[in-house]
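# Observations on the model geometry
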Amino acid sequence: MAGTSMVADSSSWSTALVKISPYTFSAIGIAIAIGVSVLGAAWGIYITGSSLIGAAIKAPRITSKNLISVIFCEAVAIYGVIVAIILQTKLESVPSAQIYAPESLRAGYAIFASGIIVGFANLVCGLCVGIIGSSCALSDAQNSSLFVKILVIEIFGSALGLFGVIVGIIMSAQATWPAKSV
């Protein structure tokens, strides 16, 4: 009976999470922060750009002023790059004896969680800004007085990415690695 209990314990999720290096979690978090942010920006640019090009057929005047929507989408990718750089600076080397210490695990999980929060907040932000930018282009082609009104809504949508960045930076402050022995 004791043998089966030990097998079940060694294959549990908690055991797996403790056995994976905190540096692996950190690297995955940093990759998610930049990768998913770029995906959100690309998706937003795709949505906005396709509508902008289509609406510009009817009203060519909208092309230059509606590029601001594409710039807002590109800012989402820049948020991911900035946070990835910040998270990269949080990495520190620790002696191999302390790599699985609770403080090391906490630091790795903090960087991982920060990367996930930033990446997915920017994915949603990119989609939001892309959809609003698409609406802005289509509305502006019909009635040019709507451009500024919809642009204000797009700015509020863009703030979602900044909220993710702020939460990610706050969470990454928890990433403190064990002090090196002298």
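Under the annotation held in an unreviewed UniProt entry, the chain carries the name V-type proton ATPase 21 kDa proteolipid subunit and is attributed to Hibiscus syriacus. The UniProt entry for the chain carries this comment under Sequence similarities (unreviewed entry): "Belongs to the V-ATPase proteolipid subunit family." As stated in UniProt under Subcellular location (unreviewed entry), the record for the chain gives "Membrane".

Turning to the UniProt feature "transmembrane region" (unreviewed entry) in the chain, a few remarks are in order. The UniProt record annotates "transmembrane region" (unreviewed entry) at residues 20-46, 67-87, 107-134 and 146-171. For residues 67-87, the helix share is 100%, the strand share is 0%, and the end-to-end C-alpha distance is 31 Å. Helix makes up 96% of residues 146-171 and strand 0%, and the two end C-alpha atoms of the span are 39 Å apart.

Turning to the state of the cysteines, a few remarks are in order. Counted according to the given criterion, the structure contains 0 disulfides. For the unlinked cysteine Cys 73, the closest cysteine sulfur is that of Cys 125, found at 8.0 Å. Here Cys 125 stays unpaired: no disulfide links it, and the sulfur of Cys 128, its closest cysteine neighbor, is 6.5 Å away. You can call Cys 125 buried: its relative accessible area is 0%.

Glancing now at the packing of helix H3 (residues 22-58) against helix H6 (residues 102-142). For any two helices packed against each other, the geometry comes down to the angle between their axes and how far apart the axes lie. Look at H3 against H6: their axes get within 7 Å of each other, and the N-to-C directions meet at 0°. The angle between H3 and H6 falls in the class roughly parallel.

Let us look at the pattern of salt bridges. Opposite charge on two side chains permits pairing when their charged atoms draw close. As enumerated under the stated definition, the model contains 2 salt bridges in all. Across the salt bridge formed by Asp 140 and Lys 65, the nearest N and O atoms sit 3.4 Å from each other. Remark: Lys 65 occurs in helix H4 (residues 62-65) and Asp 140 occurs in helix H6; sequence separation between them is 75 residues. On the basis of relative accessible area, Asp 140 is assigned to the buried category, the value being 0%. Shared partners join several salt bridges into a network, and the residues in it are Arg 61, Lys 65 and Asp 140.

Together, Val 124, Leu 160, Phe 163, Ile 166 and Ile 170 line one region of the surface with nonpolar side chains, adding up to about 480 Å² of accessible area. Broken down by element, the residue count for the nonpolar patch peaks at 4 residues, all from helix H7 (residues 147-172). Of note, Ile 166 is situated in helix H7.

Reading the values: the criteria
- Residues numbered from 1 in each chain as written.
- Predicted model: local features only at pLDDT ≥ 70, side-chain atom pairs only at ≥ 80, totals over all residues.
- Heavy atoms only, no water.
- UniProt positions renumbered as here; feature names shortened; annotations may be inferred.
- Helix = DSSP H or I, 4+ residues; strand = E, 2+ residues; numbered from the N terminus.
- Disulfide = S-S within 2.5 Å.
- Buried < 20%, exposed > 50% of the residue type's maximum accessible area, 1.4 Å probe, protein only.
- Axes fitted to C-alpha atoms, helices over the stretch in contact; angles between N-to-C directions.
- Parallel < 35°, antiparallel > 145°, perpendicular 65-115°, else oblique.
- Salt bridge = Lys/Arg side-chain N within 4 Å of Asp/Glu carboxyl O.
- Patch = residues over 30% accessible without salt bridge, like charges linked within 9 Å, V, L, I, M, F, W, Y side chains within 5 Å.
- Areas by Shrake-Rupley, 256 points an atom, 1.4 Å probe, with all protein chains shown as cover.

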